[in-house]
Amino acid sequence: MDAILLQILNGLDKGSAYALIALGLTLIFGTLGVVNFAHGALFMIGAFCAVTLNKLLTISYITIDETQKDFLGNPLKVQNTYVESWFGPELGAAIIDWSVPLAILFSIPVMIAIGFIMERGLIKHFYKRPHADQILVTFGLAIVLQEVIKYFYGANPIPTPAPDMFRGSLDFGVLLGFDPNAIIYPYWRLVYFLFAAIIISAVFAFLQFTTFGMVVRAGMADRETVGLLGINIDRRFTIMFGIAAAVAGLAGVMYAPINSPNYHMGMDFLVLSFVVVVVGGMGSLPGAVLAGFLLGILESFASMNEIKSILPGIDQIIIYVVAIIILLTRPRGLMGRKGVMEE
């Protein structure tokens, strides 16, 4: 029982990332009808927003400390960060320590701006083009963004630590009545799951309970009729593209301590996230979230040594196997709408 609970927990953080990326993909497809293969790159850029803020906060300068001497009796050169000199040692150190959560505030305007530029500068020209053209142009854009990140940050992963208070692990075994150390789970992975739940709930609440969201949902169902009512639905859909970009970016920011950011992490998640979208049902927001968590947990179970000893390599293909089974039995996905991608 403890092994089962542990695998469920292990699947939640990756499932959360799948769900957040798939949610943004579905928002873009449901509003603009665009298959956006550059969405994984937005996840990657979000992670590098966390890296960038951490590097900015740790910029330092050298001073001479007369109170400290080297072995020759000369004053030592000491590096001090500007943040600590501006805000004091304690507050400055705390700001640096909390750079990843603070990157949320830094990344939101950056990701919305990138989303607007992508949509207005390139993607709007492909609204009425075949999906194959959309895939090719957005995939090319993803490669360009990936190479830009590689040029400026290098090819190696960049460790981005979580705040000190979240670097330990929680003993779930004791909380649930199992033996101590039976279920050990990192605090930050729990934080990521809770963060994902908040973002997903906020997006659904925005679409469900605000006037803007209700107009967007109406436009997703019948764009022409909403336009005939005198509503500039295109402008609202552009804003939704920015929101979808921000969701992907936030997913990347908070995932940085779990998986050190690297230039190809967007591609790693992109293909799997598209499988999640297809399994959930193209255009279905609840389906994308459900499929994200479901496939994340299944992937976690498939990585168990007991399973891999019976079916070697199953952890690498389990998501695709499940996708084939679901699409053979339910071609529209778990919660797909009739007519979507069926023309």
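Residues numbered from 1 in each chain as written. Predicted model: local features only at pLDDT ≥ 70, side-chain atom pairs only at ≥ 80, totals over all residues. Heavy atoms only, no water.

**Q** For the overall build of the protein chain, give the residues involved together with the corresponding values.
**A** In terms of helices and strands, the protein chain carries 15 helices and four strands. On the principal axes, the C-alpha backbone points of the protein chain span a range of 80 × 55 × 35 Å. By the burial criterion, 45% of the 343 residues in the protein chain qualify as buried. A sequence separation of at least 24 residues applies to 71% of the contacts in the protein chain between residues at least 6 apart. Here the protein chain has roughly 16900 Å² of accessible surface; of this, 66% comes from carbon and sulfur atoms. (Helix = DSSP H or I, 4+ residues; strand = E, 2+ residues; numbered from the N terminus. Buried < 20%, exposed > 50% of the residue type's maximum accessible area, 1.4 Å probe, protein only. Contact = heavy atoms within 4.5 Å. Areas by Shrake-Rupley, 256 points an atom, 1.4 Å probe, with all protein chains shown as cover.)

**Q** Account for helix α6 (residues 131-153), with residues named and values stated.
**A** With 23 residues, α6 ought to run about 33 Å at 1.5 Å a step, and its terminal C-alpha atoms sit 32 Å apart, in line with that. Those residues of α6 that sit buried are Q134, T138, L141, A142, L145, Q146 and I149. Its buried side turned inward, α6 meets α2 (39-57), α5 (99-121) and α12 (265-280). Downstream of α6 by a residue or two, G154 has a phi angle that is positive, lying close to 90 degrees. (Expected span 1.5 Å × (residues − 1).)

**Q** Quick rundown of a nonpolar patch on the surface? Include the residues and the values.
**A** A surface patch of nonpolar side chains, amounting to about 650 Å² of accessible area, comprises L56, I59, Y82, W86, F87 and L91. Looking at the nonpolar patch element by element, the count peaks at three residues for helix α3 (residues 82-87). Looking at the element boundaries, F87 is found in helix α3. (Patch = residues over 30% accessible without salt bridge, like charges linked within 9 Å, V, L, I, M, F, W, Y side chains within 5 Å. Salt bridge = Lys/Arg side-chain N within 4 Å of Asp/Glu carboxyl O.)

**Q** How would you sum up the pattern of salt bridges? Please name residues and give values.
**A** Per the stated rule, a full pass over the model turns up five salt bridges. Here R167 makes a salt bridge to D97, at a shortest N to O gap of 3.6 Å. Here D97 lies in helix α4 (residues 89-97) and R167 lies in the loop between α6 and β3 (169-171), a separation of 70 residues in the sequence. Overall, the relative accessible area of 18% leaves D97 in the buried class. Close ionic contact of D133 with R129 constitutes a salt bridge, the shortest N to O distance being 3.1 Å. Among the residues examined, D133 registers a relative accessible area of 24% and is labelled partly exposed. Residue classification places R129 among the partly exposed residues on the basis of a relative accessible area of 41%. Salt bridges here are not isolated pairs; linked through shared partners, they connect D97, D164 and R167.

**Q** Hey, could you go over the side chain of T26 for me, with residue numbers and the actual values?
**A** Residue position: T26 is located in helix α1 (residues 2-32). The class for T26 is buried, based on a relative accessible area of 0%. Excluding its chain neighbours within four sequence positions, the residues that come into contact with T26 are V277, G283, S284, L285 and A288.

**Q** Could you give an account of the confidence of the model for the protein chain, naming the residues involved and the relevant values?
**A** For the protein chain, mean pLDDT is 84; residues scoring 70 or higher make up 94% of the total. Considering each helix and strand of the protein chain separately, the mean pLDDT is smallest for helix α7 (residues 172-175), with a value of 68, and largest for α2, with 93. (pLDDT = per-residue confidence, 0-100.)

**Q** So what about the layout of surface pockets? Which residues, and what values?
**A** Within this model, the second largest pocket holds a volume of roughly 230 Å³. What lines the second largest pocket is a set of twelve residues, and nearest its centre among them are R217, M220, G283, L285 and P286. Only α8 (187-209), α9 (211-221) and α13 (285-302) provide two or more residues apiece to the lining of the second largest pocket. Among the residues forming the lining of the second largest pocket, the class breakdown is seven nonpolar, three polar and two charged. (1 Å grid on protein atoms, 1.4 Å probe; cavity = no way out; pocket = protein on both sides within 12 Å on 5 of 7 lines; lining within 4 Å. Points joined across faces, edges and corners; volume = space filled by probe spheres on them. Nonpolar A, V, L, I, M, F, W, Y, C, P; charged D, E, K, R; others polar.)

**Q** Let's hear about the side chain of E299: which residues, and what values?
**A** Tracing the chain through its elements places E299 in helix α13. Comment: no salt bridge for buried E299; closest opposite-charge side chain is K14, at 4.3 Å. The residues touching E299, leaving out its near neighbours within four places in the chain, are K14, Y18, D315, I318 and I319. (Lys, Arg positive; Asp, Glu negative; His and termini not counted.)

**Q** For the nonpolar core, give the residues involved together with the corresponding values.
**A** Counting residues in each nonpolar core, the largest one holds 104 residues, and the members touching the most others are L20, F43, Y192, M254 and Y255. Apart from residues no more than four positions distant in its own chain, Y192 is found in contact with D13, S16, A17, L20, F43, A251, M254, Y255 and I258. (Core = buried A, V, L, I, M, F, W, Y, C linked by side-chain atoms within 4.5 Å.)

**Q** Can you explain the environment of L105? Please cite residues and give values.
**A** The topology assignment puts L105 in helix α5. Here L105 falls in the exposed class, since its relative accessible area comes to 63%.

**Q** Describe in detail the environment of S85, supporting the description with residues and values.
**A** Take S85: it is sitting in helix α3. Taking the C-alpha atoms as reference points, S85 and Y61, 24 residues apart in sequence, are found 10.0 Å from one another. Of note is the side chain of S85, whose polar atom sits 2.7 Å from the backbone oxygen of Y82. (Polar contact = N/O pair within 3.5 Å; in protein donor to acceptor, adjacent residues only side chain to side chain.)

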